[in-house]
Amino acid sequence: MIEQWVNTINGYLWNEILIYVLIGCGIWFSYRLRGIQFTRFGHMFSVLKMSTKASSQGISSFQALCTTLAARVGTGNLMGVAVAITLGGAGAVFWMWVIAFLGMATAFVESALGQLYKEKDEKGEFRGGPAYYMRKGLNSKAMAITFSLCLFFGYGFVFSAVQANSIAQAFEGSFGFEPLHTGIVITIVATAIILGGLRQIARFAEITVPFMGVAYVLVVGAVLVLNIDQVPAVFYSIIASAFGFEEVAGGVFGAALQGIKRGLYSNEAGMGSSPNAAAAAVPYPPHPVSQGFIQMLAVFFDTIIICSCTAFVILLSKDAITSAEGIQLTQQALSAQVGGWGTEFISLAILVFGFTSIVANFAYADNNLKYINLDNFAGRWFLRIGFLVMLVVGSQATLTQVIALADMSVAMMTLVNVTAIVLLTKAVVYITKDYDKQLASGNIPTFKVSDEQEQDLKLTQGIWSK
């Protein structure tokens, strides 16, 4: 009865509320920031070129990018896209692109705010995120606590268990490994990484995410080159089925719904997860808006690049696929193009993408202990032990009921975060105009505020002082 009640609420939240809230949020900020994801598209890459500087106070912007990509690029990029195409047809891919471009504006805003309202912990290192800008910028302790509790449950315990389950199932199917044994190995390796804190997690992500991401794109790129004559037909199928010019699974509405949901789940824009890593970075240019550009780029890489790679492989191989679904559909599609090793390659990709998501999820949960009074020795070990135990449990269980509760937590977390960033629109517009003004003058944008501006924006004392 409880499971039915939770599933009903989730269906209402995700299908009737969140989709429209997040689309509306993306449209609102695209309008207020004058289409920044398009007008400053090239500038994103310019900022990326200068993103490798770190210090004793924080990780580099590139490490923050890799950490958020580690969380964004998970098993859903390989499995979720397959589900979207199965249920919504090729048109789902077009709507996935649309929501990604809208989400880029939302990701810009929440990450710039995370930087703007950051503070220093007892070690002198930067930390921040939605709970921080809710507490400081909006002076709402209730919003900060609500958000932190939802994130702590979802990212601290459940989502990583789901990733462990996907990895274990893929390795059992490809190599015959016992799920429990896979779960134990994942847990041991995860322990070594998460005990090193955010810096260790960022260093791990900095190495693994680009390596696997580039490898996946290169393999799919080779497939596209070998099938270059069929690529125009795939593009036509995506556009035609998106607007009903050809028959699609579930109709035009079904294609739009599945594409939008896949995009929202994958890019995480508006959920309030990525600002936790963005706030911990030492930005360059030394301005909070630079982190907005970096995280806007993360959404582009996640959905427009990685998810599209999966979609193209599946659509190019649809005639060779039998009755497969989910991750098996992706594996069959790649195997049809490159041979039997395609299945093993997808399993390896799931391992890397899923594992990097696991460690990034821990970083997000750890960053929010402050607002639920667990930022102490006992609280940190409670999170660590619970997190690691759930990896072992998750590797061999479906966790259906717990996942449903986690989905509800994330839905609530997202609603609270979107409300906060919309209420902080004035601050976002102010810092964006400040950045653009300095950039137009030929200067390296540097954010410095007077005591009066610091009080007006309710910033942490001394963080951005002149």
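These notes cover the structure that comes with them. (Residues numbered from 1 in each chain as written. Predicted model: local features only at pLDDT ≥ 70, side-chain atom pairs only at ≥ 80, totals over all residues. Heavy atoms only, no water.)

**A short note on the overall build of the chain**
Stage number 1. Each helix and strand in the chain was counted, giving 20 helices and 4 strands.
Stage number 2. Taking 466 residues into account, the globule formula puts the C-alpha radius of gyration at 23 Å, and the chain, at 21 Å, falls close to it.
Stage number 3. With the principal axes as the frame, the chain shows a C-alpha extent of 65 × 50 × 45 Å.
Stage number 4. With the model as given, the accessible surface of the chain reaches about 18400 Å², and the carbon-plus-sulfur share is 64%. (Helix = DSSP H or I, 4+ residues; strand = E, 2+ residues; numbered from the N terminus. Rg over C-alpha atoms; globule rule 2.2 N^0.38 Å. Areas by Shrake-Rupley, 256 points an atom, 1.4 Å probe, with all protein chains shown as cover.)

**Brief notes about the nonpolar core**
Stage number 1. The biggest cluster of nonpolar side chains holds 147 residues, and the ones touching the most others in it are Leu113, Leu116, Tyr216, Ile238 and Phe293.
Stage number 2. Looking at which element gives the most residues to this core, the answer is helix α14 (residues 288-316), with 18 residues.
Stage number 3. Each residue touching leucine 113, except ones within four places of it in the same chain, is listed here: Tyr133, Ile421, Leu424, Ala427 and Val428. (Core = buried A, V, L, I, M, F, W, Y, C linked by side-chain atoms within 4.5 Å. Buried < 20%, exposed > 50% of the residue type's maximum accessible area, 1.4 Å probe, protein only. Contact = heavy atoms within 4.5 Å.)

**Considering the packing of helix α6 (residues 91-116) against helix α11 (residues 231-242)**
Stage number 1. It is at 6 Å that the axes of α6 and α11 come closest, and there the two elements cross at 85 degrees. Considering their axes alone, α6 and α11 lie roughly perpendicular with respect to each other. Taking contact as the criterion, the partners of Gly91, Val93, Phe94, Trp95 and Trp97 in α6 are, on α11, Phe235, Ile238, Ile239, Ser241 and Ala242.
Stage number 2. Partitioning the contact of α6 with α11 into residue classes produces 8 nonpolar, 2 polar and no charged. (Axes fitted to C-alpha atoms, helices over the stretch in contact; angles between N-to-C directions. Parallel < 35°, antiparallel > 145°, perpendicular 65-115°, else oblique. Nonpolar A, V, L, I, M, F, W, Y, C, P; charged D, E, K, R; others polar.)

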